[in-house]
Amino acid sequence: MHNLAASPRTLTFPTNASPSYPSSSSVPFPIRVQFTNSFKTQNSLSLNRNGFRLFSMIHRSKPTDSRNGFSRKLGVEDGGVDVDAGYGIGDGGEVGFEVGGGFGIGDRDIDRDIDIATLGNLCVDIVLNVPKLPPPEFNERKDYMDRLSASPPEKRYWEAGGNCNTAIAAARLGLKCVAIGHVGSEIYGNFLLDVLNDEGIGVVGMSGNLDAVDSAAAEYETLLCWVLVDPQHRHGFCSRADFSNEPAFSWMNALISDVKAAVQRTKVLFVNGYGFDELSPSLIVAALQYAVEVGTCVFFDPGPRGKSLSIGTPEQQSALGDYLRMSDVILLTSDEAEALTGISDPILAGQELLRRSEHAKWIAVKMGTKGSILISLSGVSYAPAFKVRVVDTVGCGDSFLAAIAYGFVHKMPKLHTLVLANAVGAATAMGCGAGRNVATLKQVVELIKAGDLIEDTEFGKEILDKCADVQEITLLSKMMVNGGVDRVNRLSFEDVVPELLTRLESVEVEEALPS
């Protein structure tokens, strides 16, 4: 069983009963719940505090089940702080469950001074206009990249890329951000560090002390990603990681203490599928396991890599499965959701991902000009997209994620969070490239004030038809009248805007104050 500093109070229930747990006001933490009889069928246990679910467990067992020692950090539904928890199953099939810590909702945030930390995928984008995109065939593509690399591009073509996009977008929303990853000591690494520093983003290295090795060797250099744009504004991407069977930084094999400290201090740890280009599956899973252990919420965006990971090596498939099962928030496009579930409908695909997950609180599905949906245990929320002149879509998904993290950390209503995310993604699409070109706070505020939405009443009807069994549906529209019928809650855009603008304008004021 999980060791607790305080002596837990024990509550005992027979397993053939339906135990009820008294409110936390009458039972001080920590507590232990003990089932005394052996299991015969299925038993479930749910602990709640102040209206928040602390833990929910369904266990199927035979009396001979003798597993022991399972323990993990368990989260509060729909955001918030986590609690220490564990259970063990004895030879007779009895289960002991305990929750510890002696703190209330929100108290754990006191020593978490980072809002979001990104893991890996720190790269420099080299953005070039080309007459045509690189060929798909492996050897021809490799020759193409070698020719590009032979002549170092001018600095005006360099841009911070990868997870830097998310970190910059989040920092511009007022979140405290840290980028965890490897940055080399060459000119590209120095450029990346300067950009992140200028945006107020901290950097935590994953590589530790490299004094004993040749840190100038290619495998220790900052990863470069060539972002190629053809005359039709289509994009092609290539890096040295595309031409190796091993991750770019396969020499990294453990989480160093600095990384663990950052994970423990942050409220959200973000990982995306491109991280597998750099880091081994075992290292990425180690970060997940440590985040779960210390109660840090995990955001995961499989991205285009999700499909290849799902048919990749056994280690990649297992790691992908772990992240889909254990992440608190999963973000993906409708195409990516279909690739992982085989379900073309984004709502049904999101519900399937939620059903498969053990930890997921939110599944956020991006649908381009149709807007976005957020699927949770309590229902489905939908917000239409903003109407903008699209210049470049690179970084839009990263920016969207930053806003979802903002809403999650600040415990905003789900629909408000979606509206903000759509606005940040759309504002990024109005610029050229990502990195320092992602949405600014001013652009987001102006877009929300303009309130030019792409109305799609037919899609709203589809949601109602496909969510017959959903507990609650929340829809946003500029045209709909406020109010709800049964489980459908309709909100007007004008009712959402004031809270969003109040929050964002307060960030503008804080940024304007002298530091």
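Keep in mind that this is a model prediction, so the values were computed, not measured. (Residues numbered from 1 in each chain as written. Predicted model: local features only at pLDDT ≥ 70, side-chain atom pairs only at ≥ 80, totals over all residues. Heavy atoms only, no water.)

**A short note on the overall build of the protein chain**
Heads up, the condition is: Numbering goes from the N terminus for both helices and strands, where a helix is a DSSP run of H or I of at least four residues and a strand is a run of E of at least two. Each residue gets one of three labels from its accessible area relative to the maximum for its type: buried under 20%, exposed over 50%, partly exposed in between, using a 1.4 Å probe on protein chains only. Every residue pair with non-hydrogen atoms within 4.5 Å of one another is taken to be in contact. All accessible areas in this document rest on Shrake-Rupley with a 1.4 Å probe, and a residue is counted as covered only by the protein chains that are shown.
Along the protein chain, the regular secondary structure elements total 15 helices and 23 strands. When each of the 515 residues of the protein chain is scored for burial, the buried share is 54%. Contacts in the protein chain between residues far apart in sequence, at least 24 positions, make up 69% of those at least 6 positions apart. Of the roughly 22,800 Å² of accessible surface on the protein chain, 49% is carried by carbon and sulfur atoms.

**Observations regarding the side chain of T417**
In this structure, T417 sits in helix α12 (residues 414-429). Excluding residues that lie within four positions of it along the chain, T417 makes contacts with W362, A403, I404, G407 and M412.

**Side note on the nonpolar core**
Heads up, the rule is: We call a set of buried residues a nonpolar core when its members are Ala, Val, Leu, Ile, Met, Phe, Trp, Tyr or Cys and they connect through side-chain atoms within 4.5 Å of each other.
Counting residues in each nonpolar core, the largest one holds 81 residues, and the members touching the most others are I116, F299, F386, I404, L420, V444 and I448. Among all residues touching L420, those that are not within four sequence positions of it are A403, Y406, M412, V444, I448, L500 and L504. Membership of the second largest hydrophobic core comes to 63 residues, among which are L223, V292, F300 and L354.

**Some points on the pairing of strand β11 (residues 177-181)**
Keep this limit in mind: When DSSP locates at least two bridges between a pair of strands, those strands are taken to pair. Call a crossover right-handed when, viewed with both strands pointing away from you, the route from the first strand across the helix to the second goes clockwise.
In terms of burial, β11 is a largely internal element, five of the five residues being buried. Side chains C177, A179 and G181 project from β11 onto one buried face, and the interleaved V178 and I180 project onto a second face that is buried too. The pairing of β11 with strand β12 (residues 202-205) spans four bridges and is classified as parallel. The residue of β12 that forms the bridge with V178 is G202. One crossover worth recording links β11 to the parallel β12 by way of helix α3 (residues 187-198), and it is right-handed.

**As for the state of the cysteines**
Here is the rule: By convention in this document, the label disulfide applies to cysteine sulfur atom pairs within 2.5 Å.
This model, assessed by the stated rule, comprises zero disulfides. With no disulfide of its own, C164 lies closest to C123 among cysteine sulfurs, the gap being 6.6 Å.

**Some details on the pattern of salt bridges**
Rules: We define a salt bridge as a contact between a side-chain nitrogen of Lys or Arg and a carboxyl oxygen of Asp or Glu at a distance within 4 Å.
According to the stated counting rule, one finds 17 salt bridges in the structure shown. Residue K267 pairs with D115 through a salt bridge whose shortest N-O separation is 3.1 Å. With K267 in strand β15 (residues 266-272) and D115 in strand β8 (residues 114-119), this pair connects stretches of sequence that are 152 residues apart. Linked by salt bridges that have partners in common, D242, D277 and R305 make up one network.

**Quick look at the packing of aromatic side chains**
For any pair of aromatic rings, the description consists of the separation of the ring centres together with the inter-plane angle of the planes. Counted only if it meets this: The rule is short: rings of Phe, Tyr and Trp, with Trp giving its six-membered ring, pair when the centres are within 6.5 Å, and they are stacked under 30 degrees, edge-to-face over 60, tilted in between.
This model, assessed by the stated rule, comprises nine aromatic pairs. Within the aromatic cluster, the residues linked to one another by ring pairs are W158, Y188 and F191.

**Quick look at the side chain of T266**
The topology assignment puts T266 in strand β15. What T266 contacts, discounting residues up to four positions off in sequence, is R112, I114, D115, I116, A117 and T296.

**Digging into the packing of helix α4 (residues 257-265) against helix α6 (residues 281-294)**
Applicable threshold: Only the stretch in contact is used when fitting a helix axis, every axis being a line fitted to C-alpha atoms; angles between N-to-C directions are given from 0 to 180 degrees. For classification purposes, angles smaller than 35 degrees are called roughly parallel, those larger than 145 roughly antiparallel, those between 65 and 115 roughly perpendicular, and all remaining angles oblique. Crossing handedness: left-handed means the near helix sits turned counterclockwise from the far one by under a right angle, and right-handed means the same turn made clockwise. Three classes are used, and their members are as follows: Ala, Val, Leu, Ile, Met, Phe, Trp, Tyr, Cys and Pro are nonpolar, Asp, Glu, Lys and Arg are charged, and the others, Gly among them, are polar.
Orientation of α4 relative to α6, taken along the N-to-C sense of each, is 45°, at an axis distance of 9 Å. The pairing of α4 with α6 is recorded here as oblique in orientation. The handedness of the crossing between α4 and α6 comes out as right-handed. Across from K260, V263 and Q264 in α4, the residues of α6 making contact are Y290, A291 and V294. Residues that form the contact of α4 with α6 fall into these classes: four nonpolar, one polar and one charged.

**Comments concerning the sheet that holds strand β13 (residues 223-229)**
Reading across from one edge, β10-β9-β13-β14 is the order of the four strands in this open sheet, with mixed pairing throughout. Each having just a single partner strand, β10 (158-162) and β14 (235-239) make up the two edges of the open sheet. Between one strand axis and the next, the sheet turns by 35° as a mean value, whatever way the strands run. Of the strand pairs in this sheet, strand β9 (residues 122-129) and β10 are connected by five bridges, and their pairing is antiparallel. Each residue of the ladder has a partner; that of L122, found in β10, is G162. Packing of helix α1 (residues 138-150) onto the sheet brings it into contact with β9, β13 and β14, and relative to β13 it is tilted by some 105°.

**Focus: the environment of P304**
Within the element layout of this structure, P304 appears in the loop between β16 (297-301) and α7 (305-310). Once the C-alpha coordinates of P304 and D335 are considered, the two residues, 31 residues apart in sequence, prove to be 9.0 Å apart.

**Observations concerning the packing of helix α9 (residues 334-341) against helix α10 (residues 346-356)**
Taken N-terminus to C-terminus, the directions of α9 and α10 make an angle of 55°; their axes are 9 Å apart at the nearest point. In terms of orientation, α9 and α10 fall into the oblique class. Handedness of the crossing formed by α9 with α10: left-handed. Where α9 abuts α10, its residues S334, A337, L340 and T341 lie against P346, A349, E352, L353 and R356. Grouping the amino acids of the contact of α9 with α10 by side-chain chemistry returns five nonpolar, two polar and two charged.

**Description of α3**
The cut-off we apply is this: Here the expected span of a helix is defined as 1.5 Å times the quantity of residues minus one. In this context, the arc is that of the directions from the helix axis out to the C-beta atoms.
Across its twelve residues, α3 extends 17 Å between first and last C-alpha, which sits within 8% of the 16 Å expected from 1.5 Å per residue. All of the buried residues in α3 are Y188, G189, F191, L192, V195 and L196. Down the axis of α3, the smallest arc covering the buried residues is 160°, so these residues share one side. Projecting away from the buried face of α3 at angles above 90 degrees are the exposed residues I187, N197 and D198. Contacts from the buried residues of α3 go to β9, β10, α2 (163-172), β11, β12 and β13. Just beyond α3, the residue with positive phi is G200, at close to 75°.

**Considerations on α12**
Relative to the 22 Å expected for 16 residues at 1.5 Å per residue, α12 spans 23 Å between its end C-alpha atoms, a close match to the ideal helical length. Most of α12 sits inside the fold, with 16 of its 16 residues counted as buried.

Just geometry here; none of it tells us what the structure is for.
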